[in-house]
Amino acid sequence: MSIRFDGQIALITGAGKGLGRAYAMWLAERGATVVVNNRSHPGVPSSAQQVVDEIEQAGGCAVADEHSVQDEKGSRAMIESAIERFGKLDILVCNAAISDNTPFQDISLNRVREVIDINLWGTLCPVHAALPHMLRQGFGRIVLTTSQAGLFGEAGSVAYATSKAAMIGMARSIARDVGAADIRTNLIAPAAFTPMSASNVDARWSDYMSPLKVAPVVGWLCSKDCTKSGMIFNAGAGRVRRVKVLEGNPVEISNDDMSACWPTLDDMNNAVEAESSFGSGQVLMPEMFAAMPDMVDKR
């Protein structure tokens with residue numbers, strides 16, 4: 001079944017090239033009006049406008065936006081500008097980010113702070129600005145960008161991995177905050193040949209790892225067909241994997257001996273994914289939750 005987005009407004013950050021461009025092209029091809037966000041640079045042609053031109057040449061509808069997404073003022077102006085122009089915002093894809101490939105023992109803390117500030121606040125600010133509008137209209141789809149580095153770790157990527165691991169807690173907590181509203185917040189961990197990854201991936205794999213092969217996963221997460229929140233998907237080379245944060249069965253610690261627990265803890269055959277931190281706590285500390293039912297998160 002072909003997914004369509006006719007009449008829907010989508011905003012994509014960091015969409016001037018790479019993955020963001022691919023998402024913008026994919027959504028526009030299927031009927032969405034796309035706000036293509038990317039920061040402008042003095043003396044350099046607007047990459048956001050170049051993507052808009054591509055979309056329009058292909059028969060789609062798009063507008064360029066060059067607000068900074070890592071500060072509240074810029075993000076709020078970006079969201080409000082889109083809503084003033086089109087009357088609503090249905091989809092927000094937070095793709096803007098930077099990376100750094102310096103080993104932790106060699107990177108300066110100022111550089112760590114810079115990477116985390118851009119990647120974390122460049123996601124949090126747009127979502128914070130867009131969410132009230134989505135709640136008022138009773139619908140929204142939000143896609144945040146995590147990473148295999150954030151999920152599993154990667155040498156030389158502490159700053160980047162830290163910022164991307166934060167996306168998981170952000171997405172899942174937002175999903176709890178919106179309650180029963182038809183607003184879904186999910187995560188993509190993309191693997192693609194882009195200007196950001198080009199220093200680590202040989203150019204001969206550029207077609208094999210085309211960003212366009214990740215776009216269908218993001219597109220589905222943006223669609224009405226996606227009815228769950230907090231999901232994580234690894235995607236690349238035309239393939240997709242579901243990622244879950246799993247917990248094994250709790251084991252009683254006896255005589256302060258953690259070593260005796262290890263064989264049972266290492267058996268994850270019956271691992272499950274908690275719905276929330278409260279769900280995890282109910283399994284780990286059932287007596288307390290049974291005695292204090294008000295602690296149970298019933299949302």
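Just above sits the structure.
What you see is a predicted model, and the numbers here were worked out from it, not measured in a lab. (Residues numbered from 1 in each chain as written. Predicted model: local features only at pLDDT ≥ 70, side-chain atom pairs only at ≥ 80, totals over all residues. Heavy atoms only, no water.)

Participant: Any chance you could explain the pattern of salt bridges here in plain terms?
Facilitator: When charged atoms on two side chains of opposite charge get close, those side chains can pair. In this structure the tally under the stated criterion is 10 salt bridges. Where Asp-100 meets Arg-111, a salt bridge forms, and the shortest distance between an N and an O atom there is 2.7 Å. With Asp-100 in the loop between strand 4 (91–94) and helix 4 (109–137) and Arg-111 in helix 4, the pair connects residues that are 11 residues apart, well separated along the chain. Connected via shared salt-bridge partners are Asp-100, Arg-111 and Glu-114. (Salt bridge = Lys/Arg side-chain N within 4 Å of Asp/Glu carboxyl O. Helix = DSSP H or I, 4+ residues; strand = E, 2+ residues; numbered from the N terminus.)

Participant: What should I look at first to understand the pairing of strand 4 in this one?
Facilitator: Successive side chains on a regular strand alternate, one facing one side of the sheet and the next facing the other. Burial of the side chains of strand 4 extends over both faces: Ile-91 and Val-93 are buried on one face and Leu-92 and Cys-94 on the other. Relative to strand 4, strand 1 (residues 9–12) runs parallel, the two being bridged by 3 bridges. The residue bridging Ile-12 from the neighbouring strand is Val-93, located in strand 4. In terms of strand pairing, strand 4 meets strand 5 (residues 139–145) through 4 bridges, oriented parallel. The residue of strand 5 that forms the bridge with Leu-92 is Ile-142. Since strand 4 and strand 5 lie parallel, the crossover through helix 4 that links them has a hand, and here it is right-handed. (Buried < 20%, exposed > 50% of the residue type's maximum accessible area, 1.4 Å probe, protein only. Pairing = 2+ DSSP bridges. Right-handed = clockwise from strand over helix to strand, strands pointing away.)

Participant: What am I meant to see in the state of the cysteines here?
Facilitator: By definition, a disulfide links two cysteine residues through a covalent bond between their sulfur atoms. By the definition in use, this model includes 0 disulfides. Considering cysteine sulfurs only, Cys-125 is the nearest to Cys-94, which forms no disulfide, with 9.9 Å between them. In this structure Cys-222 is a free cysteine whose sulfur lies 8.7 Å from that of Cys-226, the closest cysteine sulfur available. Residue class for Cys-222 comes out buried when judged on its relative accessible area of 0%. (Disulfide = S-S within 2.5 Å.)

Participant: Before we go on, may I ask you to explain the pairing of strand 6 (residues 182–191) in this structure?
Facilitator: Within strand 6, 8 of the 10 residues are buried, which leaves it mostly tucked inside the rest of the structure. In the sheet, strand 5 pairs with strand 6 via 7 bridges, with the strands oriented parallel. Following the sheet pairing, Arg-141 is matched in strand 6 by Arg-184. Two strands pair when backbone bridges link them, and strand 6 and strand 7 (residues 232–236) are joined in this way by 5 bridges, in the parallel orientation. The residue of strand 7 that forms the bridge with Ala-191 is Gly-236. Where the polypeptide runs from strand 6 across helix 7 (residues 215–221) and back to strand 7, its parallel neighbour, the crossover connection is left-handed.

Participant: It is not clear to me how helix 3 (residues 72–86) should be interpreted in this structure. Could you clarify?
Facilitator: It helps to recall that an α-helix has 3.6 residues per turn; residues three or four apart then point in one direction. The end-to-end C-alpha distance of helix 3 is 21 Å, a good match for the 21 Å that 15 residues give at a rise of 1.5 Å each. Every buried residue of helix 3 is accounted for by Gly-74, Ser-75, Met-78, Ile-79, Ala-82 and Ile-83. One side of helix 3 holds all its buried residues, which, seen down the axis, span an arc of 165°. Turned more than 90 degrees away from the buried face of helix 3, the exposed residues are Glu-72, Lys-73, Glu-84 and Arg-85. Of the surrounding elements, those touching the buried residues of helix 3 are strand 1, strand 2 (33–37), strand 3 (61–65) and helix 4. At the exit of helix 3 stands Gly-87, carrying a positive phi of roughly 90°. (Expected span 1.5 Å × (residues − 1). Arc of directions from axis to C-beta. Contact = heavy atoms within 4.5 Å.)

Participant: What is the right way to look at the sheet that holds strand 2 in this model?
Facilitator: The strands making up a sheet are joined through hydrogen bonds of the backbone, oriented either antiparallel or parallel. Spatial strand order, 3-2-1-4-5-6-7-8: 8 strands in an open sheet with mixed pairing. Of all strands in the sheet, those with a lone pairing partner are strand 3 and strand 8 (239–243), marking the two edges. Averaged over neighbouring strand pairs, the angle between their axes works out to 20° when direction is ignored. Pairing analysis gives 5 bridges linking strand 2 to strand 3, with the strands arranged parallel. The partner of Val-36 across the bridge, within strand 3, is Ala-64. Packed on one face of the sheet, helix 4 meets strand 4, strand 5 and strand 6 and runs near 165° to strand 5. (Axes fitted to C-alpha atoms, helices over the stretch in contact; angles between N-to-C directions.)

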